[in-house]
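Listed below, chain by chain, are the residues.
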Amino acid sequence: MYIDFALIDTEVNETTARALINEIQPYQINSITLPYYLIKPVKNLVSSPTQISCLIDFPLGISDLKTRRCAVEQAIKAEVDLLDVAMPQNLAANRKYDKIRDDIKNIIETTENKVGIRYILEYRMFDHHCLKKICEIFETFNINYVFPSTGFFLDNLADNILASIFLYQNSKDLNVICTGNGWTDKHFETIGKSGLFGFRTSSIYSLKNFIQFNSIKKNNGV
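Computed from a predicted model, the values in this text were never measured in an experiment.

1. Digging into the pairing of strand 5 (residues 116-120)
Inference 1: Summarising burial for strand 5: four of the five residues are buried, a large majority.
Inference 2: Strand direction decides the pairing type here: strand 4 (residues 82-86) and strand 5, joined by five bridges, are parallel. Looking across to strand 5, one finds that Leu83 is bridged to Ile117.
Inference 3: Looking at chain direction, strand 5 and strand 6 (residues 145-147) are connected through two bridges and run parallel. Residue pairing for strand 6: Tyr119 is matched across the bridge by Val146.

2. Examining the pairing of strand 8 (residues 198-201)
Inference 1: With burial as the criterion, each face of strand 8 is covered, one bearing Gly198 and Arg200 and the other bearing Phe199 and Thr201.
Inference 2: As defined by bridge partners, strand 1 (residues 2-6) adjoins strand 8 across four bridges and the pair is classed as parallel. Looking at the pairing, Ile3 lines up with Phe199 of strand 8.
Inference 3: Of the strand pairs in this sheet, strand 7 (residues 175-178) and strand 8 are connected by two bridges, and their pairing is parallel. Note on strand 8: the bridge partner recorded for Cys178 is Phe199.
Inference 4: With helix 8 (residues 185-194) bridging strand 7 and the parallel strand 8, this β-α-β connection has right-handed handedness.

3. Section: the nonpolar core
Inference 1: Counting 63 residues, the largest nonpolar core has Val80, Leu83, Met87, Tyr119, Leu121 and Phe138 as the members making the most contacts within it.
Inference 2: For this core, the element with the most residues is helix 6 (residues 128-140), which contributes six residues.
Inference 3: With residues up to four places along the chain from it excluded, the contact list for Met87 reads Leu60, Gly61, Ala92, Ile100, Tyr119, Ile120, Leu121, Phe126, Ile134 and Phe138.
Inference 4: Formed by eight residues, the second largest nonpolar core is a distinct cluster that contains Ile8, Leu55, Leu82 and Ile120.

4. As for the state of the cysteines
Inference 1: Here the structure, examined in full by the defined rule, presents zero disulfides.
Inference 2: The cysteine Cys54 is free of any disulfide, with Cys70 supplying the nearest cysteine sulfur at 12 Å.

5. Some words on the environment of Asp173
Inference 1: In this fold, Asp173 is placed in the loop between helix 7 (157-169) and strand 7.
Inference 2: Along the sequence, Asp173 and Leu131 sit 42 residues apart, while their C-alpha atoms lie 15 Å from each other.

6. Observations concerning the sheet that holds strand 1
Each strand in a sheet pairs with its neighbour through backbone hydrogen bonds, running either in the same direction (parallel) or in the opposite one (antiparallel).
Inference 1: In space, the eight strands of this closed barrel follow the order 1-2-3-4-5-6-7-8, with parallel pairing throughout. Shown here is a sheet whose adjacent strand axes are inclined to one another by a mean of 25°, direction ignored.
Inference 2: Across four bridges, the pairing between strand 3 (residues 51-56) and strand 4 is parallel. Paired with Ser53 across the bridge in strand 4 is Leu82.
Inference 3: Along the sheet, helix 2 (residues 36-43) makes contact with strand 2 (31-34) and strand 3, crossing strand 3 at roughly 160°.
Inference 4: Docked against the sheet, helix 5 (residues 97-111) engages strand 4 and strand 5, running at close to 155° with respect to strand 5.

7. Digging into helix 2
Inference 1: Along helix 2, the residues that are buried comprise Leu38, Ile39, Pro41 and Val42.
Inference 2: On its buried side, helix 2 packs onto helix 1 (14-24), strand 2 and strand 3.

8. Focus on the pattern of salt bridges
Inference 1: In the structure shown here, the tally under the stated rule is twelve salt bridges.
Inference 2: For Arg200, the salt bridge goes to Asp4, with nearest N and O atoms at 2.6 Å. With Arg200 in strand 8 and Asp4 in strand 1, the pair connects residues that are 196 residues apart, well separated along the chain.
Inference 3: A relative accessible area of 5% places Arg200 in the buried class.
Inference 4: What makes Asp4 buried here is its relative accessible area of 0%.
Inference 5: Its salt-bridge partner being Lys114, residue Glu112 comes within 3.4 Å of it at the nearest N-O pair.
Inference 6: Using a relative accessible area of 53% as the deciding quantity, one classes Glu112 as exposed.

Parameters and conventions
Residues numbered from 1 in each chain as written. Predicted model: local features only at pLDDT ≥ 70, side-chain atom pairs only at ≥ 80, totals over all residues. Heavy atoms only, no water. Buried < 20%, exposed > 50% of the residue type's maximum accessible area, 1.4 Å probe, protein only. Helix = DSSP H or I, 4+ residues; strand = E, 2+ residues; numbered from the N terminus. Pairing = 2+ DSSP bridges. Right-handed = clockwise from strand over helix to strand, strands pointing away. Core = buried A, V, L, I, M, F, W, Y, C linked by side-chain atoms within 4.5 Å. Contact = heavy atoms within 4.5 Å. Disulfide = S-S within 2.5 Å. Axes fitted to C-alpha atoms, helices over the stretch in contact; angles between N-to-C directions. Salt bridge = Lys/Arg side-chain N within 4 Å of Asp/Glu carboxyl O.

Quick look at the structure:
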């Protein structure tokens, strides 16, 4: 399963970030997601094939197009591999689908195909009709990676998985990365049975438990 480790705590300083990155280096992590201010301090610590993603307008996505474009430009200059773009919650909550299309088009044009694009939703802020419409928009623009929630707020694992499955059911091309709070074997079994593409955590404790859980399953031939 795809694994993403995200540093989303605004109180994390450069020293702590570097220590965390060094601690997770022995593990097979597909991507590490960081706010822009931490990219330069830790970039040289991340070895291939682990990719680096930069958070854009996180967590609420309430900046205007110009500000978001500037953030994308700066992230590209920092030579990241991916962008994790927060869906403009104000637009989604008010069903401003044309403006959402403009936003995605703006992000894509700014990247000039130099980096991959992943979008972050906050499923509890939108009803099913809105989520379904967003899936349709993602398909139009070939956005294939999505997180159902920011992880910035308290989140229930079961609700997160249900939202993730709903997203996948409405767009088979979407690779949905679960962001619910999981830290026990039972949680990880539930995530695995869901058939979702990946798992994101911001907890080093959860990350280690998840990797150990997967290792045991492999050794047991599961």
